[in-house]
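Chain and residue survey
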Amino acid sequence: MALSITERAARHVQRSLARRGHGIGVRLAVKTSGCSGFAYALEYADVAASDDVAFVEHGVTILVDARSLALLDGTELDFVREGLNE
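About the thresholds
Residues numbered from 1 in each chain as written. Predicted model: local features only at pLDDT ≥ 70, side-chain atom pairs only at ≥ 80, totals over all residues. Heavy atoms only, no water. 1 Å grid on protein atoms, 1.4 Å probe; cavity = no way out; pocket = protein on both sides within 12 Å on 5 of 7 lines; lining within 4 Å. Points joined across faces, edges and corners; volume = space filled by probe spheres on them. Helix = DSSP H or I, 4+ residues; strand = E, 2+ residues; numbered from the N terminus. Nonpolar A, V, L, I, M, F, W, Y, C, P; charged D, E, K, R; others polar. Patch = residues over 30% accessible without salt bridge, like charges linked within 9 Å, V, L, I, M, F, W, Y side chains within 5 Å. Areas by Shrake-Rupley, 256 points an atom, 1.4 Å probe, with all protein chains shown as cover. Salt bridge = Lys/Arg side-chain N within 4 Å of Asp/Glu carboxyl O. Lys, Arg positive; Asp, Glu negative; His and termini not counted. Charge placed at Lys NZ, Arg CZ, Asp CG, Glu CD. Buried < 20%, exposed > 50% of the residue type's maximum accessible area, 1.4 Å probe, protein only. Core = buried A, V, L, I, M, F, W, Y, C linked by side-chain atoms within 4.5 Å. Contact = heavy atoms within 4.5 Å. Pairing = 2+ DSSP bridges. Axes fitted to C-alpha atoms, helices over the stretch in contact; angles between N-to-C directions.

1. Some words on the layout of surface pockets
When its volume is computed, the largest pocket comes out at roughly 310 Å³. Every residue lining the largest pocket is counted, 14 residues in all, and those nearest its centre are His12, Val13, Leu42, Asp78 and Phe79. Counting only elements with at least two residues in the lining of the largest pocket, the list comes to α1 (7–20) and β3 (37–45). A total of 4 residues in the lining of the largest pocket trace back to one element, the largest contributor, which is α1. Residues of the lining of the largest pocket, tallied by class, amount to 9 nonpolar, 2 polar and 3 charged.

2. Let's talk about a positive patch on the surface
A surface patch of like charges, here positive, comprises Arg8, Arg11, Arg15 and Arg19. Examined against the element boundaries, Arg8 turns out to sit in helix α1. Under the relative-accessibility criterion, Arg8 is labelled partly exposed at 42%.

3. Details of the nonpolar core
Considering soluble globular proteins, one finds that nonpolar side chains tend to be buried as a cluster. Counting residues in hydrophobic clusters, the biggest one holds 17 residues, and the most contacted among them are Leu3, Ile5, Leu28, Ile62 and Val64. Mapped by element, the contributors of at least two residues to this core are α1, β2 (25–33), β5 (60–65) and α2 (66–72). Broken down by element, this core gets its largest block of residues, 4 residues, from α1. With near-sequence residues (within four places) excluded, Leu28 lies in contact with Leu3, Ala41, Leu42, Ile62, Leu63, Val64, Asp65, Leu72, Thr75 and Leu77.

4. Section: the sheet that holds β5
Spatially, 4 strands are ordered β3-β2-β5-β4 in an open sheet, and the strand pairing comes out mixed. The outermost strands of the open sheet, each flanked by one partner alone, are β3 and β4 (52–57). In this sheet, neighbouring strand axes are inclined to one another by 25 degrees on average, regardless of whether the strands run parallel or antiparallel. Inspection of the sheet shows β4 paired to β5 by 6 bridges, in the antiparallel sense. Residue Glu57 lies in a different strand from β5, and its bridge partner there is Val60.

These values are about where atoms sit, not about what they do.
And the structure:
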């Protein structure tokens, strides 16, 4: 099982964590939501949970809980800015 992050996204996360002043990386999860059944959740992580799997790439740690890992296998995180959207 693997997740990856592009260099551009890693730089964005590093800058955001530096502005925030704390944090060990980002947490990516799949939550139950609405009619479709699932939604992605992405947030800054301050601590790792006991069931987290950590992926480190380009100096950024991505934490994924064991339940979400099978649904996220092969995912690549990227950062794109289009107009006012990021």
